[in-house]
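# A look at the structure
Here is what each chain is made of, one letter per residue.
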Amino acid sequence: MSFTRMDQSTASDWEAIFVAARSYAAELPARIMATLRQLERLQGAYSVNQLTHCLQTATLAERANAPDDLVVGALCHDMGKVITVRNHGAIAAEILWPYVSEETYRIILNHQEFQGRYYFEHTGNNPEARVRFAGESWFALAEKFVDEWDQVAFDPNGETFPLEHFEPLVRKTFSSARRNRFE
Ligand SMILES: [Fe+2]
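Here's a quick rundown of the structure.

Turning to the environment of G73, a few remarks are in order. In this fold, G73 is placed in helix α4 (residues 68-76). In sequence terms G73 and T173 are 100 residues apart; their C-alpha atoms lie 10 Å from each other. If sequence neighbours within four positions are ignored, G73 has contacts with L96, V100, T104, I107 and I108.

Take a look at the structure:
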């Protein structure tokens, strides 16, 4: 690399950077799988750990014939909790953004406010926070996601496909971007 400051970079520097970046991007599915595995250590006071919760949510989505990218969204929706719980929906949504539909992105981004119906009364927030999204094209699907798959997926006896079951879909989904912000 010839530069120590970006304003001195050349076209051939950027060619080398892009070659390296492509091989890093090719490892994204493996990084997603590794991040999901880390959720196993996160149980808190719930009756299942966060990996089981995500697997169970994705299993319900798959059983309901959700589109592939929404099944992956279900699998990854709480992945941000590996770093922090507070705004975990936005973290997962941004990782998913290049690889999923706009609807799936919006559902994952805002799933906490939909889930709030079931617990915001205990945390001093508005349980019907979801109403601000009424009228959005993805509203009905977000309700299905949260009401039928996410909020019920804390059952130690619930059907839960193993992580390996979803690996081919993770590899496929995170291998080709539909859209890019910046390289
Ligand atoms: Fe969840």
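Anyway, onward from the coordinates.
As a further point, take the nonpolar core. Counting residues in each nonpolar core, the largest one holds 36 residues, and the members touching the most others are A58, A61, V71, A74, L75 and L96. Among the secondary structure elements, those contributing two or more residues to this core are α2 (28-38), α3 (50-63), α4, α5 (88-96), α6 (102-115), α7 (139-150) and α8 (163-173). Among all residues touching V71, those that are not within four sequence positions of it are A58, A61, E62, A66 and L169.

Each turn of an α-helix holds 3.6 residues, which means side chains three or four residues apart point in the same direction. Counted at 1.5 Å a residue, the expected span for α3 with its 14 residues is 20 Å, and the 20 Å between its end C-alpha atoms agrees. α3 sits mainly inside the fold: 13 of its 14 residues count as buried. Remark: N65 follows α3 within two positions and exhibits a positive phi of approximately 60°.

A word on the packing of α6 against α7. Packing of α6 against α7 leaves a shortest axis separation of 9 Å and a crossing angle of 55°. Comparing their axes, α7 and α6 come out oblique. The crossing of α6 and α7 is right-handed. Here E103, I107, N110, H111, F114 and Q115 of α6 lie close against α7, whose contacting residues are L141, A142, E143, F145, V146 and D150. Grouping the constituent residues of the contact of α6 with α7 by class yields six nonpolar, three polar and three charged.

For any two helices packed against each other, the geometry comes down to the angle between their axes and how far apart the axes lie. Close contact between α4 and α6 brings their axes to 9 Å; oriented N to C, the two are set at 20°. Judged on the interaxial angle alone, α6 and α4 are roughly parallel. Where α4 crosses over α6, the handedness of that crossing is right-handed. Between α4 and α6, the contacting residues are D69, L70 and G73 on the first element and T104, I107 and I108 on the second. Grouping the amino acids of the contact of α4 with α6 by side-chain chemistry returns three nonpolar, two polar and one charged.

Procedures and definitions
- Residues numbered from 1 in each chain as written.
- Predicted model: local features only at pLDDT ≥ 70, side-chain atom pairs only at ≥ 80, totals over all residues.
- Helix = DSSP H or I, 4+ residues; strand = E, 2+ residues; numbered from the N terminus.
- Contact = placed C-beta atoms within 7 Å.
- Core = buried A, V, L, I, M, F, W, Y, C linked by C-beta atoms within 7 Å.
- Buried ≥ 20, exposed ≤ 12 C-beta atoms within 10 Å, placed from the backbone.
- Expected span 1.5 Å × (residues − 1).
- Axes fitted to C-alpha atoms, helices over the stretch in contact; angles between N-to-C directions.
- Parallel < 35°, antiparallel > 145°, perpendicular 65-115°, else oblique.
- Left-handed = near helix turned anticlockwise from the far one by under 90°.
- Nonpolar A, V, L, I, M, F, W, Y, C, P; charged D, E, K, R; others polar.

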